[in-house]
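# Chains, contacts and geometry: an overview
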Amino acid sequence: MSVSGYLLGRVRSREARLLTAADYAKYDYAAAATFEELEQKLHYELDELRRDLFWNTDIAELFWKKYDNHNLKILLKEKLTGQDLSAYLLRLGKNTLAEFDRALIEQAAELYARTADFGQMDYFLDQKYFAELKKLAAKFSLPVRRYAQALADIADYKRAFTPENAAETLRAKFPGLKLPEELNEGAVEKALDDYAAGLLFAGRYAFDAAAVFCYLLAKENEIKNLKTMYLSRAKGLAGLTAYLRRSYV
């Protein structure tokens, strides 16, 4: 799918401001008194980016849908348990049940009523989310379609993750994946995130929506990396830097 020259130009100009590995080392982490303050600042940047560039496009619908899926799970759990879980809502997602499909809400609630298992309810909602994600991705170019499929495959793999058979299964399901030396859950998650990012970043130089998606993912990864670096320094955990996510700058 093509995008306007205006949107692509704005993305290219912002892309030049993405942080490099050297920039992470020089970043002023002390400017945030707490991790929560840093997180709020960084997520506000992403929220501002959405409002500025992507609030009314097919690109926005596909890319931000994961935030909606997360918030739907939280809102349903809040409704079904009577607890206040608003602290777990993400600012980039819909924040009331009234904004979601009523039939989907009813199906998820009925499943929980039968099973009393939030794990099964979350799996049901994830299946619906990934089906819709792949449907939306079908109108875009190959890197975007491959990325959407990889996200679905990764979610399925994570549900059945066991260190005992991880290496064999990972090689079979994700050709070309760079296996971490230690197959613990965190290292595998980082490797899978980088694998999916690599599929999308193959479209970095395209003159279509793939280039926009590449920038958005790079910005999300930048935010994750800054939070990881903050915790690494604040807690004296140098090993956390091994979990920095992939970018292309």
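These notes cover the structure that comes with them. (Residues numbered from 1 in each chain as written. Predicted model: local features only at pLDDT ≥ 70, side-chain atom pairs only at ≥ 80, totals over all residues. Heavy atoms only, no water.)

## Let's talk about helix 1 (residues 5-15)
So the rule is basically this: The buried label goes to any residue with under 20% of its type's maximum accessible area, the exposed label to any with over 50%, and the partly exposed label to all in between, with areas taken from a 1.4 Å probe on protein chains only. A run of H or I in DSSP becomes a helix once it reaches four residues, and a run of E becomes a strand once it reaches two; helices and strands are each numbered from the N terminus. The arc in question is the one traced by the directions running from the helix axis out to the C-beta atoms. Working rule for contacts: check all heavy atoms of both residues, and any pair within 4.5 Å makes them a contact.
Every buried residue of helix 1 is accounted for by L7, L8, V11, R14 and E15. The buried residues of helix 1 all sit within an arc of 125° when viewed along its axis, so they share a single face. The exposed set on the far side of helix 1, more than 90 degrees from its buried face, consists of G5 and Y6. Taken together, the buried residues of helix 1 touch helix 3 (35-54), helix 4 (58-63) and helix 11 (209-234).

## A short note on the nonpolar core
Just so we agree on the cut-off: Buried residues of nine kinds, namely Ala, Val, Leu, Ile, Met, Phe, Trp, Tyr and Cys, make up a nonpolar core once their side-chain atoms join them within 4.5 Å.
In this structure, F54, I59, W64, V212, F213 and L216 are the most contacted members of the largest nonpolar core, which totals 65 residues. Of all elements in the fold, only helix 1, helix 3, helix 4, helix 7 (118-137), helix 8 (142-159), helix 9 (166-173), helix 10 (185-201) and helix 11 reach the threshold of two or more residues within this core. When residues of this core are assigned to their parent elements, the largest contribution, 14 residues, is made by helix 11. The residues contacting W64, other than those within four sequence positions of it, are L46, R50, F54, L92 and L216. Counting residues in each nonpolar core, the second largest holds eight residues, with L76, I105, M121 and L125 among its members.

## What to know about the packing of helix 3 against helix 11
In plain terms, the rule: Axis lines are fitted through C-alpha atoms, for helices just across the contact stretch, and the angle between N-to-C directions can take any value from 0 to 180 degrees. These descriptions rest on fixed angle ranges, namely under 35 degrees for roughly parallel, over 145 for roughly antiparallel, 65 to 115 for roughly perpendicular, and the rest for oblique. Each residue is assigned to one class: nonpolar for Ala, Val, Leu, Ile, Met, Phe, Trp, Tyr, Cys and Pro, charged for Asp, Glu, Lys and Arg, and polar for all the others, Gly among them.
Close contact between helix 3 and helix 11 brings their axes to 9 Å; oriented N to C, the two are set at 170°. With respect to helix 11, the element helix 3 is oriented roughly antiparallel. Here helix 3 contributes F35, L38, E39, L42, H43, E45, L46, L49 and F54 to the contact with helix 11, which in turn contributes V212, Y215, L216, K219, E220, I223, L226, K227, Y230 and L231. Classifying every residue of the contact of helix 3 with helix 11 by side-chain character gives 13 nonpolar, one polar and five charged.

## Quick word on the pattern of salt bridges
What counts, and what does not: A pairing counts as a salt bridge when a side-chain nitrogen of Lys or Arg comes within 4 Å of a carboxyl oxygen of Asp or Glu.
Following the criterion strictly, the structure yields 19 salt bridges and no others. Between K41 and E45 there is a salt bridge whose closest N-O contact spans 3.0 Å. Here the residue K41 and the residue E45 both occupy positions in helix 3, the gap between them amounting to four residues, near one helical turn. Classification of K41 as partly exposed rests on a relative accessible area of 42%. When its relative accessible area of 26% is taken as the criterion, E45 is described as partly exposed. Between R159 and D156 there is a salt bridge whose closest N-O contact spans 3.1 Å. Here R159 pairs with D156, and both are found in helix 8, just three residues apart, close to one helical turn. Exposure remark for D156: the relative accessible area of 37% places this residue in the partly exposed category.

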